[in-house]
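Here's the letter readout for the chains.
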Amino acid sequence: MATPRLDHTVAHGTPRNHLGLALHDSQIVCADGFRLSVLAPDPADARLLPTETLEIGFPTQRPEPWTRWRTYLESDDEDDPTESVYLYVPVPLVRGLIEAHGGEAPLLPRQRT
């Protein structure tokens, strides 16, 4: 199953401003409507690319399998997994989550960069 936005993020990173905020939309939308934010190291730090782990934020549903995902929670609060950030998540686990939701949805013309 193709994951072009994820593959691009892994290979090229997430450009950031001087405050460390992403310069472009980092959200991936899946075929079934599931959404998640995916951030990689800044490409200015080329020694970290391609990356092996990602920062995932604010998925629209609890990521499954939960027993694996909860170990990457930034905080110990498991009450609202959709309002959480997951740190140092292995790329294969992220790819598996996206594929479980039907893969990446095609970008609309206005979303292409």
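That block above? That's the structure.
Residues numbered from 1 in each chain as written. Predicted model: local features only at pLDDT ≥ 70, side-chain atom pairs only at ≥ 80, totals over all residues. Heavy atoms only, no water.

1. Description of the environment of Val38
Phase 1: Summarising the element assignment, Val38 is placed in strand β2 (residues 35–39).
Phase 2: The class for Val38 is buried, based on a relative accessible area of 2%.
Phase 3: Sequence-wise, Val38 and Arg5 are 33 residues apart; in three dimensions their C-alpha atoms are separated by 9.3 Å.
Phase 4: Setting aside residues up to four positions removed in sequence, Val38 forms contacts with Leu6, Thr9, Thr14, Ser26, Ile28, Leu54, Glu55 and Ile56. (Helix = DSSP H or I, 4+ residues; strand = E, 2+ residues; numbered from the N terminus. Buried < 20%, exposed > 50% of the residue type's maximum accessible area, 1.4 Å probe, protein only. Contact = heavy atoms within 4.5 Å.)

2. Section: helix α1 (residues 4–12)
Phase 1: Buried residues of α1: Leu6, Thr9 and Val10, and no others. On an axial view of α1, the arc spanned by its buried residues comes to 95°, and they lie on one face.
Phase 2: Two residues or fewer past α1, Gly13 is found with a positive phi of approximately 80°. (Arc of directions from axis to C-beta.)

3. Considerations on unusual backbone geometry
Phase 1: The step from Leu49 to Pro50 runs through a cis peptide bond, and the omega angle for that step is -10°.
Phase 2: In this structure, Pro50 sits in the loop between β2 and β3 (53–57).
Phase 3: Cis geometry is adopted by the peptide bond preceding Pro65, which originates at Glu64 and carries an omega value of 0°.
Phase 4: As for its position among the elements, Pro65 is in the loop between β3 and α2 (66–69).
Phase 5: In this model, Phe58 sits at a positive phi of 50°, which is unusual for a non-glycine residue.
Phase 6: Among the structural elements, Phe58 can be located in the loop between β3 and α2.
Phase 7: Residue Phe58 is classed as partly exposed on the basis of its relative accessible area, which comes to 45%.

4. A short note on the packing of aromatic side chains
Phase 1: Throughout the structure, instances matching the rule amount to 2 aromatic pairs.
Phase 2: Arranged with centres 6.4 Å apart and planes meeting at 85°, the rings of Trp66 and Tyr86 form a pair that is edge-to-face. In this pair, Trp66 sits in helix α2 while Tyr86 sits in strand β4 (residues 85–90), placing the two residues 20 residues apart along the sequence.
Phase 3: According to the relative accessible area criterion, Trp66 is buried, its value standing at 9%.
Phase 4: Its relative accessible area of 0% is what places Tyr86 among the buried residues. (Phe/Tyr/Trp six-rings, centres within 6.5 Å; stacked < 30°, edge-to-face > 60°.)

Purely geometric stuff here, so don't read any function into it on its own.
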